[in-house]
Amino acid sequence: MKYPAFATIALLFAILAAPLVGAPLREYDILRAFPAGRLAALGAGDLPDAQGFTGSNHAHKYWVESGPQRGSCRAVIAAVIRDDLAAADNAWRGIDVAFAHQTANGGFESKPQANGKASTAFNANVETAYFFLQELGRAILIIRQSPHADHFKVRIDALEPKLRRAADYISSGIDTIIPKVGHSVNRVIIAAKAFGTLGVVLGEEKLIAHSRHLIAHAITLRDKEGVFIENGGRDSSYNVVSILFGSHLALHVPMPEFEAILPAAVAWQLTRVLSSGEIDVKSNTRTGVGKEANAFGQAKTVNYNEVVYALTYYGLIHHDAACLEAADRVFAYMRKPNK
């Protein structure tokens, strides 16, 4: 899909048409302004399977850890945006399955992956927990912004004690996060998103303070040109993850200091989008060049979904037609057969 001038103006007008004049920009409204069909296409793999598993839990065909269940939260969000409550209820199964694996200390069970690694050490278990919780907190906040809040109220109220235990658990590990993942700034930002969104959901200022602390550190993890550092250098997939998840957080917890640094990171990201829509991986420190493997021993590649999400979000939030056009190119490329 191309964005001629009138279409871009229409999209930007839609996102600015908040429910009340002068009201803050809401993530629900941004998602409603996405190009038709884009959310459904990006979220095609997020629906829980028959066991309620998503992500690598689905790939393993058994429960591994809590982090992969974040896909079910994205599926709930997409269904709420398109007003499909039956699909949202179906996707919620993945959230219920995650909490069926919650342990007495508020964390979640972990079992070995295909490569034999397991997130059983405390710092690793905190990490996989906040990977799940950052998307769950976001889902609840978007639901509350939507016309469907009443549909979910009883189940969210019932979930609150479990959420508080989970928030207490990751809070108990706050001092482990930067030492464990400081070389990977996107994970610091993901942790900040978990604390910030849960802080708003639960009305807990201490959680929001943890979020601000982590974001302050993440801001220091950039090179002299403002690109987020991943494993000592630049990575055209993980740089965009930092942009995306920080943008999510800033829509729910004001983070002007973070938003102020985004233009430089976005500017570099746009230089990585080739005319074909493919993402340039040259000189990447982590993805697309065989330097890291997933749990099944396969080389990590660019996460095209998150590139499209990030550029679409940034384009709509900041009225940036270049980002919207780049998002179109990447989206078209990723949908090509045998690309």
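Residues numbered from 1 in each chain as written. Predicted model: local features only at pLDDT ≥ 70, side-chain atom pairs only at ≥ 80, totals over all residues. Heavy atoms only, no water.

1. Topic: the overall build of the protein chain
So the rule is basically this: Helix and strand definitions follow DSSP, with helices as H or I runs of at least four residues and strands as E runs of at least two, each counted in order from the N terminus. Buried means the residue's accessible area, taken with a 1.4 Å probe over protein chains only, is under 20% of the maximum for its type, while exposed means over 50%, and partly exposed covers the values in between. Only heavy atoms enter the contact rule, under which two residues are in contact if any of them lie within 4.5 Å. Per-residue and other accessible areas were derived by the Shrake-Rupley procedure at a 1.4 Å probe size, with only the shown protein chains allowed to occlude residues. Within this scheme the basic residues Lys and Arg register as positive and the acidic residues Asp and Glu register as negative, but His and the chain ends are omitted. By convention, the point assigned to a charge is CZ for Arg, NZ for Lys, CD for Glu and CG for Asp.
Each helix and strand in the protein chain was counted, giving 16 helices and zero strands. On the principal axes, the C-alpha backbone points of the protein chain span a range of 55 × 45 × 40 Å. Out of the 339 residues belonging to the protein chain, those deemed buried represent 56%. Long-range pairs, those at least 24 residues apart, make up 71% of the contacts in the protein chain with a sequence separation of at least 6. Carbon and sulfur atoms make up 57% of the accessible area of the protein chain, which totals about 14000 Å². Considering the protein chain, the positive charge centre built from 35 side chains and the negative charge centre built from 32 side chains are found 4 Å apart.

2. Topic: the confidence of the model for the protein chain
For clarity, the cut-off: pLDDT gives the predictor's per-residue confidence on a scale running from 0 to 100.
Summing up the model confidence of the protein chain, the mean pLDDT is 93 and the portion of residues at 70 or higher is 93%. Note on residues 1–9: pLDDT under 50 across the span, and 13 contacts to partners over four residues away in sequence or across chains. Counting contacts from residues 15–21, a segment whose pLDDT is below 50, to residues more than four positions away or on other chains yields nine contacts.

3. Topic: the packing of aromatic side chains
What describes a pair of aromatic rings is the distance from one ring centre to the other and the angle between the planes of the rings. Our working definition: Classification of ring pairs uses Phe, Tyr and Trp, with its six-membered ring standing for Trp, and accepts pairs whose centres are within 6.5 Å; under 30 degrees between planes counts as stacked, over 60 as edge-to-face, and the remaining range as tilted. Geometrically, a charge over a ring is one whose NZ (Lys) or CZ (Arg) sits within 6 Å of the ring centre while staying within 35 degrees of the ring normal.
Under the defined criterion, the tally for this structure stands at eleven aromatic pairs. With a centroid separation of 5.7 Å and 35° between ring planes, the pair formed by Trp-92 and Phe-152 is classed as tilted. Taken together, the residues Trp-92 in helix 6 (residues 85–100) and Phe-152 in helix 8 (residues 149–172) connect sequence positions 60 residues apart. Under the relative-accessibility criterion, Trp-92 is labelled buried at 3%. Overall, Phe-152 belongs to the buried group, its relative accessible area being 0%. Consider the rings of Phe-122 and Tyr-169, whose centres lie 5.7 Å apart with planes at 90°: the pair is edge-to-face. Of this pair, Phe-122 sits in helix 7 (residues 122–145) while Tyr-169 is found in helix 8, placing the two residues 47 residues apart along the sequence. The positively charged end of Arg-155 is found above the aromatic ring belonging to Trp-92, 5.2 Å away from the centroid. Above the plane of the ring of Tyr-238 lies Arg-286, whose end atom (NZ or CZ) is 3.8 Å from the centre.

4. Concerning the nonpolar core
As a reminder, the rule being used: Think of a nonpolar core as a cluster: buried Ala, Val, Leu, Ile, Met, Phe, Trp, Tyr and Cys residues, connected wherever their side-chain atoms sit within 4.5 Å.
Core analysis: the biggest nonpolar cluster contains 104 residues, and Tyr-130, Leu-136, Leu-163 and Ile-170 have the highest contact counts within it. Examining the composition of this core, we find that twelve residues originate from one element, helix 7, more than from any other. If we skip the residues at most four places from it in the chain, Ile-170 touches Val-126, Ala-129, Tyr-130, Leu-133, Ala-194, Phe-195 and Leu-198.

5. What about the side chain of Thr-128?
Rule in force here: Any pair of N or O atoms that falls within 3.5 Å is considered a polar contact. Within protein, one atom must be able to donate a hydrogen and the other to accept it, and sequence-neighbouring residues count only if both atoms are side-chain atoms.
Relative to the elements of secondary structure, Thr-128 occurs in helix 7. You can call Thr-128 buried: its relative accessible area is 5%. Side chain to side chain, Thr-128 and Glu-65 meet in a polar contact 3.3 Å long. Leave out the neighbours within four places in its chain, and Thr-128 touches Glu-65, Ser-66, Gly-67, Pro-68, Ser-110 and Ser-119.

6. Things to note about the side chain of Ser-66
For Ser-66, the location among the structural elements is in the loop between helix 4 (55–60) and helix 5 (70–81). In this structure the side chain of Ser-66 is engaged in a polar contact, spanning 3.3 Å, whose partner is the backbone oxygen of Thr-128. Leaving out residues up to four positions away in the same chain, Ser-66 has contacts with Phe-108, Glu-109, Thr-128, Ala-129 and Phe-132.

7. Topic: the environment of Ala-321
Within the secondary structure layout, Ala-321 lies in helix 16 (residues 321–334). For the pair Ala-321 and Leu-311, spaced ten residues apart in sequence, the C-alpha to C-alpha distance is 10.0 Å.

8. Description of helix 8
Residue pairs spaced three or four apart in an α-helix point in one direction, given the helix's 3.6 residues per turn. Applicable threshold: For a residue, the bend is simply the angle between two axes, fitted respectively to the seven-residue segment ending there and the seven-residue segment starting there.
The sharpest bend along helix 8 reaches about 40° and sits at Glu-160, with the proline Pro-161 one to four residues further on. Those residues of helix 8 that sit buried are Phe-152, Ile-156, Leu-159, Leu-163, Ala-166, Ala-167, Tyr-169, Ile-170 and Ser-171. In this structure, the buried residues of helix 8 make contact with helix 5, helix 6, helix 7, helix 9 (174–181), helix 10 (185–202) and helix 11 (205–219).

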